[in-house]
Amino acid sequence: VHEFFADDPVIDLRVFRDGNYSAGVFLMTVVGFVLYGSMVLLPIMLQTLLGYPSMEAGIAMAPRGMGSFLMMPLVGILTTKVDVRKLLVTGLAIGGTTMLWLGQLSLNAGFWDIFWPQFFQGAGMALMFVPLTTVSMAAIPREKMGNATSLFNLMRNIGGSVGIAVTATMLSRQSVAYRQVLGEHLTPLSVGTQTAYGQMVAAMQAAGTDVTTASSRAILAMNGLLMRQATMVSFVNLFRMLGVLFLSVILLVAVMKRPPVG
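These notes cover the structure that comes with them. (Residues numbered from 1 in each chain as written. Predicted model: local features only at pLDDT ≥ 70, side-chain atom pairs only at ≥ 80, totals over all residues. Heavy atoms only, no water.)

1. Some details on the overall build of the chain
Scanning the chain from N- to C-terminus turns up 10 helices and zero strands. Counting from the amino terminus, helix and strand elements in the chain follow one another as α-α-α-α-α-α-α-α-α-α. Relative to the compact-globule value of 18 Å for 262 residues, the chain shows a C-alpha radius of gyration of 24 Å, a clear excess of over 25%. Across its three principal directions, the C-alpha atoms of the chain cover 80 × 40 × 30 Å. Residue burial in the chain is summarised as follows: out of 262 residues, 42% are buried. Put simply, 80% of the contacts in the chain that link residues at least 6 apart link residues at least 24 apart. Summed over all atoms, the accessible surface of the chain reaches about 13,600 Å², with 67% contributed by carbon and sulfur. Averaging the coordinates of the 16 positive side-chain charges in the chain and doing the same for the 11 negative ones gives two points 7 Å apart. (Helix = DSSP H or I, 4+ residues; strand = E, 2+ residues; numbered from the N terminus. Rg over C-alpha atoms; globule rule 2.2 N^0.38 Å. Buried < 20%, exposed > 50% of the residue type's maximum accessible area, 1.4 Å probe, protein only. Contact = heavy atoms within 4.5 Å. Areas by Shrake-Rupley, 256 points an atom, 1.4 Å probe, with all protein chains shown as cover. Lys, Arg positive; Asp, Glu negative; His and termini not counted. Charge placed at Lys NZ, Arg CZ, Asp CG, Glu CD.)

Put into structure tokens, the structure is as follows:
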């Protein structure tokens, strides 16, 4: 309250009186939430469920940067010729769609199933960052630009931190919940369960394991498969949630005023 009304505030919160800036800061917070949240989820999924070593998981994350790298020069040209709000909406739509795309993955996903969603997501990010900064800062006086930029970046980092915390917590809790839901179908009365259990025991016995050990190991193996499936369901649901969040904030662009075209 003091900073808002002080004549010479340390942090000038009065920049939030500008509608474009306030909407832009909120959008950037959401972008940080989704971007950092997904950047934490994907490597964990690659390494824990799909068996990627850490080096290959890092390589699999590279397409996002490639998409941004290739799109940035084009965005620089388009911002001087096109209403940046249209670019922003396009970027948000691409970002949301690629998150929903990642939400279609399964345990059988290959490298290219990971590559293309991230590549287009990187292109979408390029279409978001520059136009969002442009439309948010268009009406801010030059003497207040440093203060406004600092708050803008601060909220992106806060959004990212919250995104990491929320997605990690939801992943842990949902994995347990989905394990309980899926586990209800693994019963001795289920034909599928009996068939899978019998095949595992037979395979272990064929490898030279006695019946008692084979039975115990088969139960452990089925539990491991159940946990993998439950965790995968948690991942894809979180990707879908992030995608819906991206698409939902597109409506906020409608309240932003068009900045001057250079």
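Once the structure has been displayed, the description carries forward.
2. Concerning the nonpolar core
Of all hydrophobic cores here, the largest spans 51 residues; its most connected members are Tyr 21, Leu 27, Met 45, Leu 46, Leu 88, Leu 92 and Phe 239. Looking at this core, the elements that each hand over two or more residues are helix H2 (19–48), helix H3 (54–60), helix H5 (84–102), helix H6 (111–137), helix H7 (145–183), helix H9 (211–248) and helix H10 (250–253). Examining the composition of this core, we find that 14 residues originate from one element, H2, more than from any other. Leaving out residues up to four positions away in the same chain, Leu 46 has contacts with Gly 51, Tyr 52, Ala 57, Ala 60 and Ile 114. (Core = buried A, V, L, I, M, F, W, Y, C linked by side-chain atoms within 4.5 Å.)

3. Brief notes about a nonpolar patch on the surface
A grouping of Met 55, Ile 59, Trp 101, Phe 111, Trp 112, Trp 116 and Phe 120 is seen on the molecular surface, where their side chains present a nonpolar patch of about 760 Å² in accessible area. For the nonpolar patch, the elements supplying multiple residues, two or more each, are H3 and H6. The greatest single-element share of the nonpolar patch, amounting to four residues, is contributed by H6. Examined against the element boundaries, Met 55 turns out to sit in helix H3. Residue class for Met 55 comes out exposed when judged on its relative accessible area of 62%. (Patch = residues over 30% accessible without salt bridge, like charges linked within 9 Å, V, L, I, M, F, W, Y side chains within 5 Å. Salt bridge = Lys/Arg side-chain N within 4 Å of Asp/Glu carboxyl O.)

4. Details of the packing of helix H8 (residues 191–206) against H9
Across the interface, H8 lies against H9 with an axial gap of 8 Å and an inter-helix angle of 130°. The angle between H8 and H9 places the two elements in the oblique class. Pair H8 / H9 crosses with right-handed handedness. Contacts between H8 and H9 involve Thr 193, Ala 196, Tyr 197, Met 200, Val 201, Met 204 and Gln 205 from the former and Val 211, Ala 214, Ser 215, Arg 217, Ala 218, Ile 219, Ala 221, Met 222 and Leu 225 from the latter. (Axes fitted to C-alpha atoms, helices over the stretch in contact; angles between N-to-C directions. Parallel < 35°, antiparallel > 145°, perpendicular 65-115°, else oblique. Left-handed = near helix turned anticlockwise from the far one by under 90°.)

5. Some details on the packing of aromatic side chains
Under the criterion given, the structure shown has 11 aromatic pairs. Relative to Phe 120, the ring of Trp 101 has its centre 6.2 Å away and its plane inclined at 25°; by these criteria the two rings are stacked. Note that Trp 101 is positioned in helix H5 and Phe 120 in helix H6, a separation of 19 residues in sequence. Judged by centre distance (4.9 Å) and plane angle (80°), the rings of Phe 115 and Trp 116 are edge-to-face. Residue Phe 115 is classed as buried on the basis of its relative accessible area of 11%. The structure contains a cluster of three or more aromatic residues connected by ring pairs, namely Trp 101, Phe 111, Trp 112, Phe 115, Trp 116, Phe 119 and Phe 120. (Phe/Tyr/Trp six-rings, centres within 6.5 Å; stacked < 30°, edge-to-face > 60°.)

6. Concerning the side chain of Gln 121
Note that Gln 121 resides in helix H6. Judged by relative accessible area, which is 0%, Gln 121 ranks as buried. In terms of polar contacts, Gln 121 uses its side chain to reach the side chain of Thr 98, at 3.4 Å. Gln 121 has contacts with Ser 38, Arg 64, Thr 98, Met 99 and Leu 102, leaving out every residue within four places of it along the chain. (Polar contact = N/O pair within 3.5 Å; in protein donor to acceptor, adjacent residues only side chain to side chain.)

7. Description of H7
Compared with the 57 Å implied by 1.5 Å per residue over 39 residues, the 56 Å span of H7 between its first and last C-alpha is a close match. Those residues of H7 not exposed but buried are Asn 147, Ala 148, Leu 151, Phe 152, Gly 159, Gly 160, Gly 163, Thr 167, Leu 171, Gln 174 and Ser 175. (Expected span 1.5 Å × (residues − 1).)

8. Section: the environment of Val 10
Assignment of secondary structure puts Val 10 in the loop between helix H1 (2–5) and H2. Separated by 137 residues in the primary sequence, Val 10 and Asn 147 place their C-alpha atoms 9.1 Å from one another. If near-sequence neighbours (up to four positions away) are discounted, Val 10 is found in contact with Glu 3 and Asn 147.

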